[in-house]
Amino acid sequence: MLHTTSQLKPIEVVNDFVVKFATINGSGSASANELFAKSILRMGVPVGTRNIFPSNIQGLPTWFEVRVSEKGWLGRRGGVDLMVALNPQSWDADMKEIDPGGYLLFDNSKELPASSFPAGITAIGVPLTNICNAAYSDARQRQLFKNIVYVGALSFLLDMDAAVIEKVIAEQYMKKERLLASNVEAFRLGRDYAEQNLKPIGLRVRTSDTVGDRILIDGNHAAALGFVYGGAMVCAWYPITPSTSVAEAFQTYCSKLRIDPETGKKRVAIVHAEDELASIGMVVGAGWNGARAFTATSGPGISLMSEFIGLAYFAEIPATIVNVQRGGPSTGMPSRTQQSDILACAYASHGDTKHVLLFPEDPHECFDDAAAALDLAERLQTPIFVMSDLDIGMNQHLSAPFEWDDNRLYDRGKVMTKEMLDAGTVFSRYLDVDGDGIPFRTYPGTHPTLGGYFARGTSRNANAQYSEAGEDYVYNVQRLLKKFETAKTLVPQPVIREAARPAHAGVIYYGSTSPAMAETIEILEAKGLYLDRLRLRAFPFSDSVREFIDKHDRVFVVEQNRDGQIRTLLINELDINPSKLVSVLHYDGAPITARAITDGIASQMTACLQRKAG
Amino acid sequence: MTYLAKPKFHHPSLPKNEVGFTRRDYEGKVSTLCAGCGHDSISAAVIQACWEMNIEPHKVAKLSGIGCSSKTPDYFLGNSHGFNTVHGRMPSVLTGANAANKDLLYFGFSGDGDSASIGLGQFAHAMRRGVNMVYMLENNGVYGLTKGQFSATADKGSRSKRGAVNADTPVDTVSLALLMGATFVARSFSGDKRQLVPLIKAAMAHKGAAFIDIISPCVTFNNHVGSTKSYDYMREHNEVANCLDFVPSRDEITVDYEEGESAKVTLHDGSVLELSKNRGEHAFRDKTAAMNYIQEHQVKGVIVTGLLYIQPEATDLHEHLNTVDVPLNRLTEKELCPGAAVLKEINASLR
Ligand SMILES: Cc1ncc(C[n+]2csc(CCOP(=O)(O)OP(=O)(O)O)c2C)c(N)n1
Ligand code: SF4
Ligand SMILES: [Mg+2]
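Throughout, a residue's number is its position along its own chain's written sequence, starting from 1. Starting at A for chains and at 1 for ligands, labels are handed out in the order in which the entities are written. With pLDDT at 70 or above as the cut-off, local features in this predicted model cover only qualifying residues; side-chain atom pairs require 80 or more to be listed or tallied, and sums for whole chains, interfaces and linings still use all residues. Side-chain descriptors were evaluated using all non-hydrogen atoms of the structure, hydrogens and water having been removed beforehand.

Residue and element names in this part refer to chain A. One finds Phe250, Ile566 and Leu570 to be the most contacted residues of the largest nonpolar core, which totals 150 residues. We count a stretch as a helix when DSSP gives it H or I for four or more residues in a row; a strand needs E for two or more, and each element gets its number in order from the N terminus. If you tally residues by element for this core, the top one is helix 12 (residues 363-380), at nine residues. The criterion used for residue contact is that any of the two residues' heavy atoms lie within 4.5 Å. Setting aside its immediate chain neighbours within four residues, phenylalanine 250 contacts Ala224, Phe227, Val228, Ala232, Cys235, Val268, Ile270 and Phe294. The term nonpolar core refers to a set of buried residues drawn from Ala, Val, Leu, Ile, Met, Phe, Trp, Tyr and Cys, joined through side-chain atoms within 4.5 Å. Buried means the residue's accessible area, taken with a 1.4 Å probe over protein chains only, is under 20% of the maximum for its type, while exposed means over 50%, and partly exposed covers the values in between. Core analysis: the next-biggest nonpolar cluster, separate from the first, contains 56 residues, Tyr103, Phe187, Val205 and Val211 among them.

On to the site of ligand 1. We define proximity as follows: a residue is near a molecule or strand when any one of its heavy atoms falls within 4 Å of that partner. Taken together, the neighbourhood of ligand 1 is formed by 18 residues, with B:Cys68, B:Ser69, B:Gly113, B:Asp114 and B:Gly144 sitting nearest. Residues near ligand 1 are shared among chains A and B, making this a multi-chain site. Protein chains shield 76% of the accessible area of ligand 1, which is 590 Å² for the free molecule. Among the secondary structure elements, those contributing two or more residues to the shell around ligand 1 are helix 2 (68-71), helix 4 (112-118) and strand 5 (142-143) of chain B. At four residues, the largest contribution of residues to the shell around ligand 1 is made by helix 4 of chain B. For the shell around ligand 1, the residue count by class is six nonpolar, nine polar and three charged. Accessible areas in this description were obtained via Shrake-Rupley with a 1.4 Å probe; residue shielding takes into account the shown protein chains only. Gly counts as polar in this scheme, as do all residues outside two lists: the nonpolar Ala, Val, Leu, Ile, Met, Phe, Trp, Tyr, Cys and Pro, and the charged Asp, Glu, Lys and Arg.

So, on to the packing of aromatic side chains. Here a Phe, Tyr or Trp ring, Trp counted by its six-membered ring, pairs with any other such ring whose centre lies within 6.5 Å, and the pair is stacked when the planes are under 30 degrees apart, edge-to-face when over 60, and tilted otherwise. This structure, assessed with the given rule, holds 26 aromatic pairs over all chains. Pairing B:Tyr135 with B:Phe211 gives two aromatic rings, centres 5.7 Å apart and planes at 65°, and the pair type is edge-to-face. One end of the pair, B:Tyr135, is in strand 4 (residues 133-139); the other, B:Phe211, is in strand 8 (residues 209-215), and 76 residues separate them in sequence. Residues B:Tyr135 and B:Phe211 agree in their burial class; the two are buried. Above the plane of the ring of A:Tyr430 lies A:Arg460, whose end atom (NZ or CZ) is 3.8 Å from the centre. Any Lys NZ or Arg CZ that is within 6 Å of a ring centre and within 35 degrees of that ring's normal is treated as a charge sitting over the ring. The ring of B:Phe76 has B:Lys62 lying over it, and the distance from NZ or CZ to the ring centre is 5.9 Å.

Moving on: the packing of helix 7 (residues 219-230) of chain A against helix 12 of chain A. All names here are of chain A. It is the contact of helix 7 with helix 12, at a shortest axis distance of 7 Å, that shows an interaxial angle of 35°. For the element pair helix 7 and helix 12, the recorded crossing hand is right-handed. Here Gly219, Ala222, Ala223, Leu225, Gly226, Phe227, Tyr229 and Gly230 of helix 7 lie close against helix 12, whose contacting residues are Pro363, Cys366, Phe367, Ala370, Ala371 and Leu374. Every angle, taken between N-to-C directions, lies between 0 and 180 degrees, and every axis is a line fitted to C-alpha atoms, over only the stretch in contact when it is a helix. The handedness criterion is simple: a crossing whose near helix is rotated anticlockwise from the far helix by less than a right angle is left-handed, and one whose near helix is rotated clockwise is right-handed.

So, about unusual backbone geometry. Residues and elements named next belong to chain A. Of note, the bond from threonine 241 into proline 242 is cis; its omega dihedral lies within 30 degrees of zero at 5°. In this fold, proline 242 is placed in the loop between strand 11 (234-237) and helix 8 (244-257). Here glycine 328 and proline 329 are connected by a cis peptide whose omega angle stands at -5°. Along the chain, the position of proline 329 falls in the loop between strand 14 (319-325) and helix 11 (342-346). The backbone of asparagine 15 shows a phi angle near 55°, a positive value even though the residue is not glycine. Of note, asparagine 15 is situated in the loop between strand 2 (13-14) and strand 3 (16-24). Look at alanine 464: it is not a glycine, yet its phi comes out positive at around 65°.

A word on the sheet that holds strand 3 (residues 105-111) of chain B. What the nine strands build is an open sheet, ordered 18(A)-2(B)-1(B)-3(B)-4(B)-8(B)-7(B)-13(B)-9(B); its pairing is mixed. Each of the sheet's edge strands pairs with one partner strand only, and the pair in question is strand 18 (454-456) of chain A together with strand 9 (238-240) of chain B. The average angle at which neighbouring strand axes cross in this sheet is 20°, direction not considered. Only strands joined by at least two bridges in the DSSP assignment are considered to pair. In the sheet, strand 7 (residues 184-189) of chain B pairs with strand 13 (residues 303-310) of chain B via four bridges, with the strands oriented antiparallel. Considered in strand 13 of chain B, the bridge of B:Ala186 is made with B:Leu307. Those strands touched by helix 9 (residues 276-288) of chain A are strand 18 of chain A together with strand 1 (60-64) and strand 2 (81-84) of chain B, and its axis lies near 155° from that of strand 2 of chain B. Contacting strand 3, strand 4, strand 7, strand 8, strand 9 and strand 13 of chain B, helix 7 (residues 193-205) of chain B crosses the sheet at an angle of about 160° to strand 7 of chain B.

Here, the term disulfide refers to a pair of cysteine sulfur atoms separated by no more than 2.5 Å. Going through the model one piece at a time under the given rule, you end up with zero disulfides over all chains. Here A:Cys366 is not cross-linked by a disulfide; its sulfur's nearest cysteine counterpart is in A:Cys345, at 15 Å.

Turning next to empty space enclosed by the protein. All names here are of chain A. The method works on a 1 Å grid over the protein atoms by themselves. A cavity is a set of points holding a 1.4 Å probe that cannot get out, a pocket is an open set with protein on both sides within 12 Å along at least five of seven lines, and residues with an atom within 4 Å of a point line them. Grid points are joined across faces, edges and corners, and a volume is the space filled by probe spheres set on the points. Applying the stated criterion to the full structure yields five cavities of 30 Å³ or more. Roughly 60 Å³ of internal volume is contained in the largest cavity. Lining the largest cavity, in full, are Tyr313, Lys354, Val356, Leu380, Thr382, Leu480, Lys483, Phe484 and Ala487. With four residues, helix 15 (residues 470-490) is the single largest residue contributor to the lining of the largest cavity. Looking at side-chain class alone, the lining of the largest cavity contains six nonpolar, one polar and two charged residues.

What follows concerns the domain arrangement of chain A. All names here are of chain A. With domains assigned, chain A is organised as domain 1 (2-204), domain 2 (217-399), domain 3 (418-490) and domain 4 (495-613). Taken together, the 19 residues of domain 2 in the interface contact 25 residues of domain 3. When two parts are put together, the accessible area they lose, computed with a 1.4 Å probe and summed over both, is reported as buried area. If you sort the residues of domain 2 by the area they bury against domain 3, Trp288, Phe314 and Glu316 come out on top, with a joint share of 35%. A pairing counts as a salt bridge when a side-chain nitrogen of Lys or Arg comes within 4 Å of a carboxyl oxygen of Asp or Glu. The interface formed by domain 2 and domain 3 includes four salt bridges. Put simply, glutamate 316 and lysine 483 hold a salt bridge, and the shortest N to O gap is 2.8 Å. N or O atoms within 3.5 Å of each other form a polar contact, as long as, within protein, one can give a hydrogen and the other can take it, and as long as residues adjacent in sequence are counted only when both atoms are side-chain atoms. Taken together, the connections running from domain 2 to domain 3 amount to ten residue pairs in polar contact (both at pLDDT 80 or more). When the residues that make up the side of domain 2 that touches domain 3 are grouped by side-chain class, the tally is nine nonpolar, six polar and four charged. Domain boundaries shown here were taken from an automatic or database domain assignment.

Spelled out as structure tokens, the structure:
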């Protein structure tokens, strides 16, 4: 059954569209949706997927968005070309998202009034409930297999190769014969129904080869693996969405990759702490004692950790913190994404503090930044934040494969050893011996008579002796500033790309905004608007960031928070004239879209061009 | 004046222990606590216990929270690494440090505000995990460092120096430690070195979470009539449950108590605790009996001191986590990093 509700020309595209699944949390749709996305990937066409889910275990609306893009635009585009609407609760809102000329797939087991359908789209009914009721007697099966049945129908509508999908199903149920057979059967039920009753629509998936050697993984698993490779010895954590799977994945990886083959014992300690006060306390204790340690958390956890972060900054203890950001403040939108902890982390804790932040753009960089953070923490003897977010952390992203150089050695920083002490090297815990602001430290247990010191959060002199003398305090905090200058040269450097033509305007962005920005640039260039771009990879900002801003008349700063937090940080740290930095913001909790950025920038650029012309 | 260096003068005739250190080697900086503060007596007991136990100072890590009590680690074991952390959070830092290197001896020093007020949660959870440590709570019933407010261990009805009466029920740290799974639980009095020193030694020999609550009068803010943590009150209400002798494994057992009066407990390293005034054959190993014993005396207003409970074959955090024998902080790329070839396989599985 196929009926068009208007004369508007249906969208016709190949390998460039958005499919959105509107389902109910806990209904078992997630694995069917992933099967759908993975099958497109197997056909050699890049996909970007986003779960948009509630803070709930069962019953509330949930969505899964698949961006199919042969060109490789893997951010959210905005709008929907095909809505698979299976949730009556969200029906009205879902209809509004369908682009003019778009498509709707729905369950027509019960007839719906014509007024349910918006004008200008093609609505395709498949009697999912009836098909499943006829095929299965068990209530749970009837519900679960509905998901596979719609994948079957979709595969025909989008002209996908059935063999590819069946192969992916086979992989998923490799060791579960019975499940494999029943899933293939359900897939066939949907596919057969469509073949007999429907025709392929204007959205087509055509076999291509643009995926390359890229891998599909979420950022939290990638970060966890980065910590395994980077040599994390201690992990202490407390569950909080969306960071939970970092520690859980770390645990899973370690149970395979960190086992002593002779004894079966673990080369790692993972402690599920009683709260975030304790998890950061454990990381600080381990760091002080010479172990590479990390914790993973989200905004509320950062707030609880603040006192310890100040201690680690001032007592100069290495610590790595992954902040998988979510919508704040307070419990805010715990299952939605934002980049709204930038200032809370950059200046975390009381007193004068500044911290190193890393901004991964995708899982590949989550892996790299996790390993780099462990090195930086020990090199700089300070807390390092890996600023991921829910979009990167919990969604699977197509990203470049992980790389590791077997010759790479961990940077353990400036550690004075027993041999150095025996050779007569003078140990002054808080003395700047090399002019980079970084002092030497000793591990507890190093030497029977030399190198011991009392670490503390109270003011001290260069020999770690309690001192409230003004000059001792000032020496110390000035040295910490110098150390922060040194950090500029050690952190990952910004990625700068020039526009196809000389540009007077630039754009600065970071983290999960990256994929949508790539698409934005192309759309803007098609409109004749050219922008140089700079992707921040870390704070403190290196000199090239200032140079970039100085070079342009105007710089857009694109972020996923209400207050333009990176813009504030740029103004504050680089002393930039605020009028030069124009915020483009998106913070409704869903990942930023190329359309939102394009609208934000284009409206202001054209206004400016018009003013200039006029 | 901010820092007092103690003169490093070693009398040549000072006796050395088996590892070649004199008692002076276990001292630290000059204490800045009030003269007569109970905490200073505890520091002296720690120095004596470590010297007698032949502990190499650098094999000790001493951690503390914030408070007068938490300052004390600066006043002993000057060659050991120490960490004065944040208020109430020493247990988590100690847990992390212990996770990093199982080979050191961990001392945790805390106050009653530190452990029973702000840090009650961390106190309880460190016991639950069986962190291998000696946790000493220098209990004076007040916040010394912030000038005399009641802490959560202040007894109901006790009077502050300014005359306020405490209406809240006290946290009984030994009962709580027992309940939370500490495997060595004792209470002592800073004024009773004969009891305290062997208790500290036994706690050092114990593997697992060892807890000693030490009543330690604050002479400045809680030593008046009406206080239940004053020297006088303690002397009147202390019932010494037992005195113990600690016999290291390599020494011959020579202490002898009268028949029926003593009990012996052998620790995992072979050392022996010989306890006088035994309250019954298995009382020390029976958690319920220990709990009853503490509660019965508490009702009568008697503070029992001595070893209250011990589980000699206890396990610790590292056994629970099944970590390798070598301290984790000594592992290198070789043991930690799975290498590029494995990563290639992982990449392949993600396509
Ligand atoms: C987060 C925080 N809150 C409050 C304080 C202030 N403070 C310092 S010590 C202390 C109480 C110490 O009492 P206790 O642990 O009993 O130690 P004592 O001085 O009695 O030995 C308080 C409240 C602090 N340092 N940190
Ligand atoms: S205030 Fe009390 S606890 Fe603090 S040093 Fe003085 S006597 Fe000791
Ligand atoms: Mg106190």
